[in-house]
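Letter by letter, the chains look like this.
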Amino acid sequence: MNSKLLKSGHIKLYKRENSKYWQMKVKMPKLKAIRSSTGSKILKDAEKIALKYYSSFSSKTNIKLRTKNIFKKIHLVETADLTKKEIEHILDESKKYITFNKRKIKKINILEGRTIFNLFFEDSTRTRTSFEVAAKRLGADLINVVVKDSSINKGETLLDTMTTINSMNPDVLIVRHPEEGISKKISETVDASVINAGDGSHEHPTQALLDALTIKNKFENFAKLKIAICGDILHSRVARSNIIILSKLGAKINVIGPKEWLPKSLNKLPVKVYTEMKKGLQNCDIVMMLRIQKERIVGKIMPNQKTYFKKYGLDYNKLKYAKKNAFVMHPGPMNRGVEIDSKLADDVTRSLIQEQVAMGVAVRIACLD
Ligand code: CP
């Protein structure tokens, strides 16, 4: 079945496989949904008919509808820019897309005609592909720029590359790059909206949003939660973005890691700091493990993997220090047997790792929407 949502989902236009005509379903809060044929075979005409019907119906019933205007930001580059209300709004919007992503036909054309560039200057599986899936499900045209084939290799600066792409009138640039703060710089240079898909050790906003959505699916009230973030805190953009998002939602955060991986800047963040898993995991509802960011530890001594796992790797024994039914998370890619015990990572009764990936698509659809 073909379908399209309008007015924040209050109007659904759909065409059954055996019908030539677009049907409309108009749903107002606290009222039964009204279904009717638009009488049109053409989607654009059906949209006009449904919108006209909707506006006369909503003025008659005098019902105030929640609109999408709460979120007015153009770029998504730093979690610090988001208010609690905006974070909650993105999570609510994302929730709608969880069911959408389970449909047989996963397509609405709300971004039809829009052009989105995936600009990944660092490796990625989850983020790059989930943004691509998200853009395509919304009907946008997505272009993957492969760095190894780009003119950066001929000496062009990154900002020149961005200005070049900007001249093609894109709507959204999704950027991953090893330089901290580069997404912000790009957002100040181009006309398109910029989404930070990870900038060095700085921020990874959509990862933190998808982690928050995963947690929200298990616990409604963030204010009652204690969440441990463990491992390579110093080099982790995921840790920083999660600390900001989860604490804004009301959760208490413990960070745990080796002393040399606990930056001084943690003093400025609303967290409690621990160097021992036993102490830091006490009473935690969620244990979020981090990848050791080997690519950012160049020239420094890497810890021995066995010694690290013994002290900071999460296994069933260390998990016992947390609450009885605590859940385990990892943003991926994970190093099995270094950051997390392989069996525990695959234990669907405790591990939310695969759910995090699924929530990544829902969150990225909501952000593009
Ligand atoms: N979590 C995350 O950002 O994964 P990728 O590096 O695979 O995108």
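That block above? That's the structure.
Only a predicted model underlies this, so the values are computations on that prediction, with no experimental measurement involved.

Draft legend 1. Looking closely at the overall build of the chain. On a plain count of helices and strands, the chain comes out with 12 helices and 13 strands. At 23 Å, the chain has a C-alpha radius of gyration in line with the 21 Å of a compact globule built from 369 residues. Seen through its C-alpha atoms, the chain measures out along the principal axes to roughly 70 × 55 × 35 Å. With 369 residues in all, the chain has 51% of them scored as buried. In the chain, 67% of the contacts between residues at least 6 apart in sequence involve partners at least 24 apart. In the form shown here, the chain has an accessible surface area of approximately 18300 Å², with 52% of it arising from carbon and sulfur atoms. Of the side chains in the chain, 69 bear a positive and 38 a negative charge, and the two mean positions are spaced by 8 Å.

Draft legend 2. Main features of the site of the ligand. Around the ligand, a shell composed of Asp123, Ser124, Thr125, Arg126, Thr127, Arg176, His204, Gln207, Pro331 and Gly332 is seen. Between the ligand and Thr125, the relevant distance is 2.8 Å, taken from an oxygen atom to a main-chain nitrogen or oxygen of the residue. One nitrogen or oxygen atom from the main chain of Gly332 is found 3.0 Å from a nitrogen atom belonging to the ligand. Here the ligand has 250 Å² of accessible area as a free molecule, and 93% of this is covered by the chains. Across the shell around the ligand, the residue classes break down as one nonpolar, six polar and three charged.

Draft legend 3. The sheet that holds strand S1 (residues 2-6), seen in detail. The antiparallel open sheet is built from four strands, whose spatial order is S1-S2-S3-S4. Looking along the sheet, the strands with just one partner apiece sit at the ends: S1 and strand S4 (34-37). Ignoring strand direction, the axes of neighbouring strands in this sheet form an average angle of 20 degrees. Two elements, strand S2 (residues 11-15) and strand S3 (residues 23-26), share four bridges in a ladder whose sense is antiparallel. Looking at the pairing, Lys12 lines up with Lys25 of S3.

Draft legend 4. Inspection of the packing of helix H3 (residues 126-137) against helix H12 (residues 353-368) at higher detail. One can describe the packing of H3 onto H12 by two numbers: an axis separation of 8 Å at closest approach and a directional angle of 50 degrees. As the angle between them shows, H3 and H12 are arranged oblique. Regarding H3 and H12, the two cross each other, and that crossing is right-handed. Taken together, the residues of H12 that come into contact with H3 (itself represented by Arg126, Thr127, Ser130, Phe131, Val133, Ala134, Ala135 and Arg137) are Val357, Gly360, Val361, Arg364, Ile365 and Leu368. Along the lines of polarity and charge, the residues of the contact of H3 with H12 split into eight nonpolar, three polar and three charged.

Draft legend 5. Seen up close, helix H2 (residues 84-100). End to end, H2 covers 25 Å across 17 residues, agreeing with the expected 24 Å (1.5 Å per residue, within 8%). Taken as a whole, H2 has its buried residues at Glu86, Ile87, His89, Ile90, Leu91, Glu93, Ser94, Tyr97, Ile98 and Phe100. At its buried positions, H2 is contacted by H3, helix H6 (205-218), helix H7 (237-248) and H12.

Draft legend 6. Fine view of the pattern of salt bridges. Per the counting criterion, the structure on display carries 16 salt bridges. Between Arg296 and Glu122 there is a salt bridge; the shortest N-O distance is 2.9 Å. Taken together, the positions of Arg296 in the loop between strand S12 (286-289) and helix H9 (305-312) and Glu122 in the loop between strand S5 (115-120) and H3 put the pair 174 residues apart, joining distant regions of the chain. Glu122 shares its class with Arg296; the two are buried. Between Asp346 and Arg336 there is a salt bridge whose closest N-O contact spans 2.9 Å. Of this pair, Asp346 sits in helix H11 (residues 342-346) while Arg336 sits in the loop between strand S13 (327-329) and H11, and the two are 10 residues apart along the sequence. One salt-bridge network, in which partners are shared between bridges, spans Glu122, Arg237, Arg291, Glu295 and Arg296.

Draft legend 7. Looking closely at the environment of Gly313. Positionally, Gly313 belongs in the loop between H9 and helix H10 (316-319). Measuring from C-alpha to C-alpha, the distance between Gly313 and Ile165 comes to 43 Å, with 148 residues separating the pair along the chain. For Gly313, the residues in contact, after removing those within four places along its chain, are Tyr308, Lys318, Val338 and Glu339.

Draft legend 8. Spatial organisation of the nonpolar core. Counting residues in each nonpolar core, the largest one holds 60 residues, and the members touching the most others are Ile229 and Leu368. No other element matches H12, which puts seven residues into this core. Discounting chain neighbours no more than four positions away, the residues touching Leu368 are Leu111, Ile116, Phe131, Ala134, Ala135, Leu138, Val172, Ile174 and Ile195.

Draft legend 9. Fine view of unusual backbone geometry. Note the cis peptide between Gly332 and Pro333, where omega equals -10 degrees. Mapped onto the elements, Pro333 comes out in the loop between S13 and H11. We note that Asn169 has phi near 55 degrees; this positive angle belongs to a residue other than glycine. Tracing the backbone through its elements, the reader meets Asn169 in the loop between helix H4 (158-166) and strand S7 (172-177). Under the relative-accessibility criterion, Asn169 is labelled exposed at 60%.

Draft legend 10. A look at the environment of Met289. Assignment of secondary structure puts Met289 in strand S12. Residue Met289 is classed as buried on the basis of its relative accessible area, which comes to 1%. Taking the C-alpha atoms as reference points, Met289 and Arg336, separated by 47 residues in sequence, lie 11 Å from one another. Excluding anything up to four places from it in sequence, Met289 contacts Cys230, Met277, Tyr312, Leu314, Met329, His330, Pro331 and Glu339.

Draft legend 11. Seen up close, the pairing of S3. Taken together, the four bridges between S3 and S4 define a ladder with antiparallel strand orientation. By the bridge assignment for S4, Met24 is matched with Ser36.

Draft legend 12. Expanded view of the environment of Phe219. Along the chain, Phe219 falls in the loop between H6 and strand S9 (226-230). Note: C-alpha distance between Phe219 and Lys25 (194 residues apart in sequence) is 32 Å.

Conventions adopted
Here the residue numbering is sequential within each chain, running from 1 through the sequence in written order. Side-chain atom pairs in this predicted model are given and counted only at pLDDT of 80 or more, local residue features only at pLDDT of at least 70, and totals for whole chains, interfaces and linings cover all residues. Values shown for side chains rest on all heavy atoms present in the structure; no hydrogens or waters enter the calculation. Secondary structure counts use DSSP, requiring at least four H or I residues in a row for a helix and at least two E residues in a row for a strand, with both numbered from the N terminus. Our radius of gyration is a C-alpha quantity, and the globule rule it is checked against amounts to 2.2 Å times the number of residues to the power 0.38. Exposure classes here rest on a 1.4 Å probe applied to the protein chains alone. A residue is buried below 20% of its type maximum, exposed above 50%, and partly exposed in between. Contact definition: two residues touch when any of their heavy atoms are within 4.5 Å. Residue exposure ignores everything except the shown protein chains as possible cover, and the areas themselves are Shrake-Rupley values with a 1.4 Å probe. For the charge count, each Lys or Arg is scored as positive and each Asp or Glu as negative, with His and the chain ends excluded. Every charge is mapped to an atom, namely NZ of Lys, CZ of Arg, CG of Asp or CD of Glu. We call a residue near a given molecule or strand whenever any one of its heavy atoms falls within 4 Å of it. In protein, a polar contact requires one atom able to donate a hydrogen and another able to accept it; more generally it is a pair of N or O atoms within 3.5 Å, and residues adjacent in sequence count only if both atoms are side-chain atoms. Any residue outside Ala, Val, Leu, Ile, Met, Phe, Trp, Tyr, Cys, Pro, Asp, Glu, Lys and Arg is labelled polar, Gly included; the first ten of those are nonpolar and the last four are charged. In this analysis, strands are considered paired if DSSP registers two or more bridges between them. Structural elements are reduced to axes, namely lines fitted to C-alpha atoms, with helices fitted over the stretch in contact, and the angle between N-to-C directions of any two is expressed from 0 to 180 degrees. An angle below 35 degrees is treated as roughly parallel, one above 145 as roughly antiparallel, one from 65 to 115 as roughly perpendicular, and anything else as oblique. For any helix crossing, the convention is left-handed if the near helix is rotated counterclockwise from the far helix by under a right angle, and right-handed if that rotation is clockwise. In a helix, the anticipated span is given by 1.5 Å times the number of residues less one. Salt bridges are defined by distance alone: a side-chain nitrogen of Lys or Arg within 4 Å of a carboxyl oxygen of Asp or Glu. Here, nonpolar core refers to any group of buried Ala, Val, Leu, Ile, Met, Phe, Trp, Tyr and Cys residues whose side-chain atoms link them within 4.5 Å.

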